[in-house]
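Overview (structure and organization)
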Amino acid sequence: MKVLYFAWLRQRTGVGEETVSPPPSVRDVAGLVEWLRTRGPGYAEALKDLSAIRVAVNQEFATVDAAISPDDEIALFPPMTGG
Amino acid sequence: MAIRVQREDFDPGREIEALTTGNTAVGGVASFIGLVRDVAGDQPGSAMTLEHYPGMTEKMLAEIDTEANRRWPLEASLIIHRYGRLEPGDRIVLVVTASAHRAAALEACHFLIDWLKTKAPFWKLEETGDGDSKWVEARASDDAAADRWTRRHDKDAAE
């Protein structure tokens, strides 16, 4: 699945976009974040506080309990500050 | 209804004119223009960079615009939002709404900018003047401003 990171999540992970293959036990966004944290210190730092992160699944806002599948595009980002 | 997400500046006068030219059903036009201020938090700022989520940005702006057109009888609407590096005084965003009467145009314009701030995937990185930069934090007052329209709508729906 494709994972996108924006703003300080992109800076801390050092990645804007990547394709990952988490184990089948990863079924929702919370599970994905937990697995991503194990990918390195930058990920652990960026993803340490789930409550600071907003999520979109296939470009629709979602909650951390949203189910995910291998064809999905998951985006992780802080609360938005446009306008 | 039209949505544009672009790096380039825009000309508000020209945009407003283009939106309403030829439509004589329009009796009122409202607009909002957001500018970069020279203050970052409580520090003097020099510039900022706006990052966004290409694809989802356009989609969310279109959804918000659709919602405005559902709630108010608009003849035309336009949202332009810039991204990239912007300096104090630069235009960031333009919202224009046109309707037969002023109330619909004014309310829809206010609604669009309030919802856009909390629902469109943009993030501001402010240069703090000392060579450093800082991501702008979302403000509770922006959530409250957006929420006002939700409550009002829900209340209307319940009546």
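For the structure given in this document, a descriptive report is provided here. (Residues numbered from 1 in each chain as written. Chains lettered and ligands numbered in written order. Predicted model: local features only at pLDDT ≥ 70, side-chain atom pairs only at ≥ 80, totals over all residues. Heavy atoms only, no water.)

**Focus: the packing of aromatic side chains**
Under the defined criterion, the tally for this structure stands at ten aromatic pairs over all chains. On the basis of an interplanar angle of 35 degrees and a centroid distance of 4.7 Å, the ring pair of A:Phe6 and B:Tyr53 is categorised as tilted. Taken as a pair, A:Phe6 in the loop between strand E1 (2-5) and helix H1 (8-13) and B:Tyr53 in the loop between strand E5 (47-52) and helix H2 (56-71) lie in two separate chains rather than in one. The buried category is assigned to B:Tyr53, whose relative accessible area is 1%. With a centroid separation of 5.8 Å and 80 degrees between ring planes, the pair formed by B:Trp72 and B:Trp149 is classed as edge-to-face. Taken as a pair, B:Trp72 in the loop between H2 and strand E6 (74-82) and B:Trp149 in helix H4 (residues 140-158) lie far apart in primary sequence, 77 residues in all. Since its relative accessible area comes to 10%, B:Trp72 is described here as buried. Members of the aromatic cluster, connected to one another through ring pairs, are A:Phe6, A:Phe61, A:Phe77, B:Tyr53 and B:Trp123. Over the face of the ring belonging to B:Trp115 we find B:Arg71, whose NZ or CZ atom lies 5.1 Å from the ring centre. Lying across the ring of B:Trp115, B:Lys119 places its NZ or CZ 4.3 Å from the centre. (Phe/Tyr/Trp six-rings, centres within 6.5 Å; stacked < 30°, edge-to-face > 60°. Helix = DSSP H or I, 4+ residues; strand = E, 2+ residues; numbered from the N terminus. Buried < 20%, exposed > 50% of the residue type's maximum accessible area, 1.4 Å probe, protein only. Lys NZ or Arg CZ within 6 Å of the ring centre and 35° of its normal.)

**Observations concerning the layout of surface pockets**
One way to see where empty space is left: roll a probe the size of a water molecule over the atoms. One number sums up the size of the largest pocket: a volume of about 590 Å³. Along its surface, the largest pocket is lined by 24 residues, and B:Arg37, B:Lys117, B:Lys124, B:Val136 and B:Arg139 are the ones closest to its centre. Counting residues per element, the ones that place at least two in the lining of the largest pocket are strand E2 (28-35), strand E3 (39-40), helix H3 (102-119) and strand E9 (122-127) of chain B. Taken together, the residues of the lining of the largest pocket break down into ten nonpolar, five polar and nine charged. Within this model, the second largest pocket holds a volume of roughly 250 Å³. Taken together, 15 residues line the second largest pocket, and the ones lying closest to its centre are A:Arg54, A:Met80, B:Thr118, B:Lys119 and B:Asp143. Taken together, the elements giving at least two residues each to the lining of the second largest pocket come down to H3 and H4 of chain B. Classifying every residue of the lining of the second largest pocket by side-chain character gives five nonpolar, three polar and seven charged. (1 Å grid on protein atoms, 1.4 Å probe; cavity = no way out; pocket = protein on both sides within 12 Å on 5 of 7 lines; lining within 4 Å. Points joined across faces, edges and corners; volume = space filled by probe spheres on them. Nonpolar A, V, L, I, M, F, W, Y, C, P; charged D, E, K, R; others polar.)

**As for the environment of A:Glu45**
Residues and elements named next belong to chain A. Within the element layout of this structure, Glu45 appears in helix H3 (residues 41-46). Separated by 32 residues in the primary sequence, Glu45 and Thr13 have C-alpha atoms spaced 7.9 Å apart. Among the polar contacts listed, one links the side chain of Glu45 to the side chain of Lys48, at a separation of 3.5 Å. (Polar contact = N/O pair within 3.5 Å; in protein donor to acceptor, adjacent residues only side chain to side chain.)

**Comments concerning the sheet that holds strand E1 (residues 2-6) of chain B**
Residue and element names in this part refer to chain B. Sheet architecture is open: four strands sit in the order E1-E6-E8-E2, paired in mixed fashion. The open sheet has two edge strands with one neighbour each: E1 and E2. Ignoring which end each strand starts from, the neighbouring axes of this sheet average 10 degrees apart. Summarising the sheet, E1 and E6 pair through five bridges and their orientation is parallel. Its bridge partner being in E6, Arg4 is matched across the sheet by Ile80. On top of the sheet, H2 reaches E1 and E6; it is set at about 150 degrees to E1, its chief contact. (Pairing = 2+ DSSP bridges. Axes fitted to C-alpha atoms, helices over the stretch in contact; angles between N-to-C directions. Contact = heavy atoms within 4.5 Å.)

**Some details on the pattern of salt bridges**
Applying the stated criterion across every chain, the model contains 16 salt bridges over all chains. With a shortest N-O distance of 3.5 Å, A:Glu17 and A:Lys2 are connected by a salt bridge. Of the two residues, A:Glu17 is situated in strand E2 (residues 17-19) and A:Lys2 in strand E1; the sequence distance between them amounts to 15 residues. Salt-bridge contacts for B:Arg85 lead to B:Glu127; the nearest nitrogen and oxygen are separated by 2.9 Å. (Salt bridge = Lys/Arg side-chain N within 4 Å of Asp/Glu carboxyl O.)

**Some points on the nonpolar core**
In this structure, A:Leu32, A:Leu36, A:Leu47 and A:Leu76 are the most contacted members of the largest nonpolar core, which totals 35 residues. Residue assignment for this core shows that the elements contributing at least two residues are E1, H1, helix H2 (29-36), H3, strand E3 (54-57) and strand E5 (73-77) of chain A together with H2 and E9 of chain B. (Core = buried A, V, L, I, M, F, W, Y, C linked by side-chain atoms within 4.5 Å.)

**Remarks on the sheet that holds E3(A)**
Pairing is mixed across the open sheet formed by five strands, whose spatial order is E2-E1-E5-E3-E4 (chain A). In this open sheet, the two strands that pair with only one neighbour each are E2 and strand E4 (60-62) of chain A. The sheet shows a mean angle of 25 degrees between the axes of neighbouring strands, direction not considered. Where H2(B) meets the sheet, its contacts fall on E3 and E4 of chain A, and the angle it forms with E4(A) comes to roughly 90 degrees.

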